[in-house]
Amino acid sequence: MPNLEKYLQVILDNIIAYAPKLVGAIAILIIGFWAANRLEKVVIERLKHSNFSPEITSFLGSMFGIAFKIAVLLMAAGIAGFDTSALVGMLAAAGFAVGLALQGGLGNFASGILILIFKPYKVGDWIDINGKFGKVEEIQIFNTLLISPGLKTLIIPNGQVTSNVVTNYSKKGHIRLDILVHIPYEESFPRAKTIIEDILEKMPSVLKQPEPQIGIESFDNFSVQISIKPYVHPDLYWDVTYDIRAKVKAAFSQNDIQVMYPDSVKLGKIGD
């Protein structure tokens, strides 16, 4: 029994020696996690008052909370007697390995943060990214989701956004249409222009400001190209484009305006 008493004494001595450290570590964890949750809420509230978007507000708030909790864990481990330098080294090595494995993903992640902060576009905007055109449906941390005019979902990695030119058609609240109409040289341009101006004036979907522009775009071998450039809301781009073309066709027919047939130099009247 002397050996048992000796072992019990050793255990009791270790408990007495490490109990204050263990209690201190537990106290640090409880108080630190409570403080981390409180600070996370404070950071989120401050970001909201700074006009950050909801996406970046919640993301940055959660990232701050996670970073603070990791610091609390390291502090508690140090108080409990663990070698924190070794723990930090292990975390750094693990982070480096994961970073190499997810290099492309981390690039998209960083780009997503930049998009949420600088806001080159927002949900609902019509944009063009590297030749991909569509309406922004969702801005994720790694990707931006676009809906094309053909209702296709385009998933664009955020890394392509920050490394390419982004054309935002909705930033100004309106977009300009570019419609071409061909008339023969024999036809009167002022007369055709007056007819087109009357069409645009009667269309409520065409913005009065900025004013529509109508002019001669170029001179072909057999025709004059008239450029029609009205401004509309981005969501009405295709509807107004088709509507103007239909109305111009009908108005030219009613006013006996001659047009050029695409595959011939023959002049002729246009039907309804």
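Scroll up for the structure.
What you are looking at is a predicted structure, and each value in this text was computed from that prediction instead of being measured.

(A) Region of the structure containing the overall build of the protein chain. Check the secondary structure of the protein chain and you find seven helices and 12 strands. By the burial criterion, 29% of the 272 residues in the protein chain qualify as buried. Of the contacts made within the protein chain by residues no fewer than 6 positions apart, 59% connect residues no fewer than 24 positions apart. On the protein chain, roughly 17200 Å² of surface is accessible, and the fraction owed to carbon and sulfur atoms is 63%.

(B) Structural detail: the sheet that holds strand β9 (residues 224-229). Taken in spatial order, the three strands make up an open sheet running β7-β9-β8, and their pairing is antiparallel. The open sheet has two edge strands with one neighbour each: β7 (179-183) and β8 (213-219). Adjacent strand axes in the sheet meet at a mean angle of 30°, parallel and antiparallel pairs treated alike. Each of β7, β8 and β9 touches helix α6 (residues 189-201); the most contacted strand, β8, lies at about 140° to it. Most of the contacts of helix α7 (residues 237-254) go to β7, to which it runs at about 20°, and overall it touches β7 and β9.

(C) Geometry of the side chain of serine 170. Along the chain, the position of serine 170 falls in the loop between β5 (166-168) and β6 (175-176). Classification of serine 170 by relative accessible area gives buried; the value is 11%. Separated by 2.8 Å, the side chain of serine 170 and the backbone nitrogen of tryptophan 126 make a polar contact. Aside from chain neighbours lying at most four places away, what touches serine 170 is Gly124, Asp125, Trp126 and Pro234.

(D) Region of interest: the sheet that holds strand β1 (residues 126-129). Taken together, five strands build an open sheet; the order of strands is β4-β3-β2-β1-β5 and the sheet is antiparallel. Because the sheet does not close on itself, it has two edges, and the strands there are β4 (153-157) and β5. The average undirected angle you get between the axes of adjacent strands in this sheet is 40°.

(E) Geometry of the pattern of salt bridges. Scanning all chains against the criterion turns up eight salt bridges. Among the ionic pairs, lysine 229 bridges to aspartate 178, the shortest N-O distance being 3.8 Å. Taken together, the residues span a long stretch of sequence, with lysine 229 in strand β9 and aspartate 178 in the loop between β6 and β7 at a distance of 51 residues. With a relative accessible area of 17%, lysine 229 lands in the buried category. On the basis of relative accessible area, aspartate 178 is assigned to the partly exposed category, the value being 45%. Among the ionic pairs, arginine 191 bridges to glutamate 187, the shortest N-O distance being 3.3 Å. For arginine 191, a relative accessible area of 36% translates into the label partly exposed. What emerges from the salt-bridge pattern is a single network uniting Arg176, Asp178, Glu217 and Lys229.

(F) Highlighting the nonpolar core. If you look at the biggest cluster of nonpolar residues, it comprises 24 residues, and the most contacted ones within it are Ile183, Leu200, Ile244 and Phe252. One finds Ile115, Val136, Leu146 and Val161 within the second-largest nonpolar core, a separate group that totals 10 residues.

(G) A look at unusual backbone geometry. Between glutamine 209 and the following residue, proline 210, the backbone shows a cis peptide bond with an omega angle of -5°. Counting through the fold element by element, proline 210 comes out in the loop between α6 and β8. The phi angle at lysine 119 is positive, at roughly 55°, despite the residue not being glycine. Here the phi dihedral of aspartate 256 falls at roughly 55°; this positive angle occurs in a residue that is not glycine. Mapped onto the elements of the fold, aspartate 256 is located in the loop between α7 and β11 (259-260). A residue is classified by how much of its surface remains accessible, and aspartate 256, at 47% relative accessible area, is partly exposed.

(H) View of the packing of aromatic side chains. Inspection of the entire model under this criterion finds five aromatic pairs. On the numbers, 5.3 Å between centres and 85° between planes, the contact of phenylalanine 133 with tyrosine 169 is edge-to-face. In this pair, phenylalanine 133 sits in strand β2 (residues 132-139) while tyrosine 169 sits in the loop between β5 and β6, placing the two residues 36 residues apart along the sequence. Connected via pairs of aromatic rings, a cluster forms that spans Trp126, Phe133 and Tyr169. If you follow lysine 69 out to its NZ or CZ, it ends over the ring of phenylalanine 33, 5.9 Å from the centre.

Rules used in this analysis
Residues numbered from 1 in each chain as written. Predicted model: local features only at pLDDT ≥ 70, side-chain atom pairs only at ≥ 80, totals over all residues. Heavy atoms only, no water. Helix = DSSP H or I, 4+ residues; strand = E, 2+ residues; numbered from the N terminus. Buried < 20%, exposed > 50% of the residue type's maximum accessible area, 1.4 Å probe, protein only. Contact = heavy atoms within 4.5 Å. Areas by Shrake-Rupley, 256 points an atom, 1.4 Å probe, with all protein chains shown as cover. Pairing = 2+ DSSP bridges. Axes fitted to C-alpha atoms, helices over the stretch in contact; angles between N-to-C directions. Polar contact = N/O pair within 3.5 Å; in protein donor to acceptor, adjacent residues only side chain to side chain. Salt bridge = Lys/Arg side-chain N within 4 Å of Asp/Glu carboxyl O. Core = buried A, V, L, I, M, F, W, Y, C linked by side-chain atoms within 4.5 Å. Phe/Tyr/Trp six-rings, centres within 6.5 Å; stacked < 30°, edge-to-face > 60°. Lys NZ or Arg CZ within 6 Å of the ring centre and 35° of its normal.

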